[in-house]
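Remarks on the overall topology
Single-letter residue listing:
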Amino acid sequence: MTEIPREEYILKCTSACAGCGGTLSLRYVLKAAGRDTILVVPACCTSVIQGTYPNTAFNIPVYNVAFASAAACASGMSTALRAAGKKTHVIVYAGDGGTVDIGIQALSGAFERGTDFLYICYDNEAYGNTGMQRSGATPLGARTTTTPAGKTQPKKDLDAIVAAHKPPYMATACPAYPKDLFQKVEKALSYRGPTFIHILSPCPPGWRFSTEKTVEMGKLAVRTGMWVLYEREQGKVTINGPSKAAMVKPLPAEEYLRAQGRFGGISAEAVSRMKDDAAALAQRLQKEEKGIC
Amino acid sequence: MFEVRIHSRGGQGGVTAARLLALAAVRDGKYATAFPFYGAERRGAPVVSFVRIDGSPIRISSQIRKPDLVIVLDPSVMDVVDVLQGIKPGGRVLVNAREPRDMGGHPACSVDLTGIALREKLEVAGSPILNTAVLGALAKMGIISMESAKSAIREMFSDPRNVSAAEAAYRELAA
Amino acid sequence: MLTVATGNKAVAAAVKEAAPAVVAAYPITPQTEIVEQIAEYVSSGELRSQYIPVESEHSAMAACIGASVTGARTFTATSSQGLQYMHEMVNWAAGARLPIVMANVNRALGPGWNIWAEHTDAIQERDSGWLQVYVGSVQEAFDAVLMAFAIAEDERVLLPVMVNLDGFLLSHTMQPFEVARAGDFIPPLHLPHAIDPAAPGGYGTLTGPEDYFKLRWDIERSMRDSAGVIRETQERFARTFGRKYGMAEEYRCEDAEVIVVAMGTLGREAEVAVDLLRGEGIRAGSMRVRWFRPFPRLDLSGRDVVVIDRDYSFGFGGVLAGSLAAAGGARPFSVIAGLGGQEVTYEDIAGFVRERRPGEEFWFGVNGDV
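Each chain carries its own residue numbering, running from 1 in the written order of its sequence. A letter from A marks each chain and a number from 1 marks each ligand, given out in the order of writing. Restriction of local features to residues with pLDDT of at least 70 applies here, the model being predicted, together with a cutoff of 80 or more for giving and counting side-chain atom pairs; totals for whole chains, interfaces and linings are based on all residues.

1. Some remarks on the overall build of chain C
A count of helices and strands for chain C gives 10 helices and 16 strands. Compactness check: chain C gives a C-alpha radius of gyration of 20 Å against a globular reference of 21 Å for 370 residues, within 12% of the reference. By principal-axis analysis of the C-alpha atoms, chain C measures approximately 70 × 50 × 45 Å. To assign burial, the other C-beta atoms lying within 10 Å of each residue's own C-beta are counted, with C-beta atoms placed from the backbone; 20 or more indicates buried, 12 or fewer indicates exposed, and intermediate counts indicate partly exposed. Taken over 370 residues, chain C has a buried fraction of 59%. The long-range share in chain C, meaning contacts at least 24 apart out of those at least 6 apart in sequence, stands at 79%. Only DSSP runs of H or I reaching four residues or more are called helices, and only runs of E reaching two or more are called strands; each is numbered from the N terminus. Computation of the radius of gyration draws on C-alpha atoms, with the globule rule given as 2.2 Å multiplied by the number of residues to the power 0.38. We call two residues in contact when the distance between their C-beta atoms, placed using the backbone, is within 7 Å.

So this is what it looks like as structure tokens:
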């Protein structure tokens, strides 16, 4: 059994919304990373959640930086620390907008250069900090303030983009599975070079579900196969237990979609396309896991 | 102020020739600047580079319009460019050629820099290197001292054949 | 010993002397030679820096910021479009109080594509909190880069410094210069606010109006203090290396009835124009503005002033002319010249002086003859 340390790096009185999946995730990320860590945070909910100067609710150094620049800033930071002989973990903690949209150039550059850092995208599938506008990570059919009738394009395949850079380690995660998340952060930080974790972070105000259901929503995402927990270690894919089980006996996608207000009024075609995409992803990952692709 | 314009083709080392000339002038205890025509240089296209030499620090950055000396490293540019444009009355011309040429009545010297480079086997990617040999010719013309020409060449190139080429040009320059 | 090299090579040679821990840069004409030379120094082991070949200028400055906040000395170089693309992080670097040094090779902004000298690129960053110096020769480019590190890293300043050199006119012009051995001229960097896991804290967190306002004032206070640090550093440089520099370089101003003010190579060329005019009996002088931020106090009282701006602020005017009018109440003859690399000779400058019309603006080459 993995023992998750008791030590807290996120103190009480953050400015996070009740039931924030991103902050819950960060709690486990920091427990795994430990004290010798610097977080680099571009504009996202976490910029605000820390609290207001001169106070901070994070008991860890946090470097807040402009929206598009997190991976590049971390690149410079890691380079300077390593040159000074320091092993301090440099972790980017960025939202989906700062990763799949405005930050993707810097992300790609830092990965291509082999930067020694961990990049975590906590993905609530919209621009949460500015009040839920669509991002490239918003799923098909989801209503946001800029897609009032539901998004007409599917979610950008961030993991495929990152995988194309062939990092030594990348994984998906969800705070509904804290031990899985904890272990993945530990594993990512055991590698030199760029590593990546993509965390689906249920967001009560954005997804429109009640605040006590964050963990339930995360579990539903995995059990319906709408989110797959897996790792890609030195290129080798491992589908993690909960998703393996879901692939054998999935819950209907509707159970996940109907639980969230953002998918209200979603068309049957969109649901069908999301199911097809999820099935295709599962099939592709299973093939990769078996080494046939 | 003594002003020089060098005509060549992109990739022939005209800019390096300018730098070598400036360096040699500095080694003579003078002030000098060297600069290319400020544009996008393309291999094979006619290009110019410039050198200013003076006894005091040079504060002028504008381009040279009225050269005292025109150097033609590649005579084929004369078919497309008026190399004598703006040359001062009595301004001199140095041409890379076997035979003396009529340069519109201007005092002209010729030396076969290409032949010298080929004899010394000074080639880069099949093209003869002219920019070190030309320093010998300029020394013979009294623009710089031969001692400084050689020291400038040695500072920029380790291959001794470059100095031999300059010495050959010094000997062979025909006024 | 004097060597002969381009302004770009001189900048790289000075960076080698300053030995930053991290250099992050992206190529752009006419700056590229600087970062190529630095990469070469790093590759050959002559310079023990980490060279980060970033994928954009925005990332170049972001990487410098990330490195600098750990307490590492950092350098980058850019030009024109690159500086524009970097703009957000340029402001960030100053707000974060990081002593980053950047060489900017001044070049016009598109469209149309124009790779030649103009100051508008850097002028547009004037309100960012960066110190800005504009140089007039290859030697000065070398010296300014060395001094930039000492000034930026001084605890009374802790603001980034931008060293500006004219595209091609300096970046690609070879002049003799002396490579000064930096020795201990630049003290080791001690960044009081270096990020450190042993002392956790938030950097750049959400900041309310009252605190934000104080932080802005603190930038201005350091900017004002920087004038003294610049003077001290330039005096120390003169004692160490024998070359003297001021906030502005005055030339034959003592008895001048008319003074030409310009920056960069135009400011040097203006000195030749002054000599020419003196020969004609016109008591001319020139002031070449080196430090544009902090803006110098120039004694122009009682004299005619001809300002040459190699920049323009549309709907307003030449920025140097406007700044002098605002700072000293001068009513200059404002000449807009040299944009996009337009050729301006000392004879042209002498013409501006002879035909000056105080209070008017004149676009050289557009408004006909002076």
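2. Overview of the overall build of chain A
Counting its regular elements, chain A contains 12 helices and 8 strands. Its C-alpha atoms give chain A a radius of gyration of 18 Å, near enough to 19 Å, the size a compact globule of 293 residues would have. For chain A, the C-alpha atoms occupy an extent of roughly 55 × 45 × 40 Å along the three principal directions. Here chain A holds 293 residues, and 57% of them are scored as buried.

3. Details of the arrangement of the chains
Most contacts, compared over the 2 pairs of chains touching, are made between chains A and C. Nowhere do chain A and chain B come into contact; their C-alpha atoms are at least 28 Å apart.

4. Some remarks on the interface of chain A and chain C
Each partner contributes to the interface: chain A provides 40 residues, whereas chain C provides 36 residues. It is helix H3 (residues 70-83) of chain A that contributes the most residues to the side of chain A that touches chain C, 10 residues altogether. In terms of strand pairing, strand S2 (residues 62-65) of chain A meets strand S9 (residues 202-203) of chain C through 2 bridges, oriented parallel. Pairing of A:Tyr63 across the sheet is with C:Tyr203, part of S9(C). Strands qualify as paired when DSSP identifies two bridges or more between them.

5. Re the domain arrangement of chain C
Residues and elements named next belong to chain C. Examined at the domain level, chain C breaks down into domain 1 (2-181 + 208-241) and domain 2 (249-363). Segment limits for the domains were obtained from an automatic or database-derived domain assignment. Computed from C-alpha coordinates alone, the two centres of domain 1 and domain 2 are separated by 25 Å. Facing 27 residues of domain 1, the contacting portion of domain 2 comprises 20 residues. Every element with two or more residues in the side of domain 1 that touches domain 2 is listed here: helix H5 (120-123), strand S6 (131-134), strand S7 (161-166) and helix H7 (209-241).

6. Here we look at the sheet that holds S6(C)
All names here are of chain C. Read from one edge of the open sheet, 7 strands run S3-S2-S4-S5-S7-S6-S13, paired in mixed fashion. Every other strand in the sheet has two partners, leaving strand S3 (50-52) and strand S13 (291-293) as the edge strands with one partner each. Within the sheet, the average angular offset between the axes of one strand and its neighbour, ignoring direction, is 20°. By the bridge criterion, 6 bridges tie strand S5 (residues 101-106) to S7 in an arrangement that is parallel. Along S7, the bridge assignment pairs Val105 with Leu165. Think of each axis as a best-fit line through the C-alpha atoms, taken over the contacting stretch in the case of a helix, with angles from 0 to 180 degrees between the N-to-C directions.

7. Comments concerning helix H1 (residues 14-27) of chain B
For an α-helix the count is 3.6 residues per turn, leaving residues at separations of three or four pointing the same way. Along its 14 residues, H1(B) runs 20 Å from first to last C-alpha, staying within 8% of the 20 Å computed at 1.5 Å per residue. Here H1(B) lies mainly inside the structure; 13 of its 14 residues are buried. In a helix, the anticipated span is given by 1.5 Å times the number of residues less one.

8. A closer look at the pairing of strand S4 (residues 74-78) of chain C
Residue and element names in this part refer to chain C. Where burial is concerned, most of S4 is hidden: 5 out of the 5 residues are buried. Bridge analysis of strand S2 (residues 22-24) against S4 gives 2 bridges, and the strand direction is parallel. Note on S4: the bridge partner recorded for Val23 is Phe75. With 4 bridges connecting them, S4 and S5 associate as parallel partners. In the sheet register, Thr76 faces S5, and the bridge partner there is Met102.

9. Points about unusual backbone geometry
Residue and element names in this part refer to chain A. Across the junction of Tyr53 and Pro54, the peptide omega takes the value 5°, indicating a cis bond. By the secondary structure assignment, Pro54 is in the loop between helix H2 (45-49) and S2. For Lys166, which is not glycine, the phi dihedral falls at a positive 50°. Along the chain, the position of Lys166 falls in the loop between helix H6 (158-163) and strand S5 (169-173). Given 14 C-beta atoms within 10 Å, Lys166 falls into the partly exposed group.

10. Focus: helix H1 (residues 21-33) of chain A
Residue and element names in this part refer to chain A. Helix length check: H1 (13 residues) gives 18 Å between terminal C-alpha atoms against 18 Å at 1.5 Å per residue, within 8%. Of all 13 residues that make up H1, 12 are buried, and the element is covered over most of its length. Within H1, the full set of buried residues consists of Gly21, Gly22, Thr23, Leu24, Ser25, Leu26, Tyr28, Val29, Leu30, Lys31, Ala32 and Ala33. Note on H1: the residue one or two positions beyond its end, Gly34, has a positive phi of about 85°.

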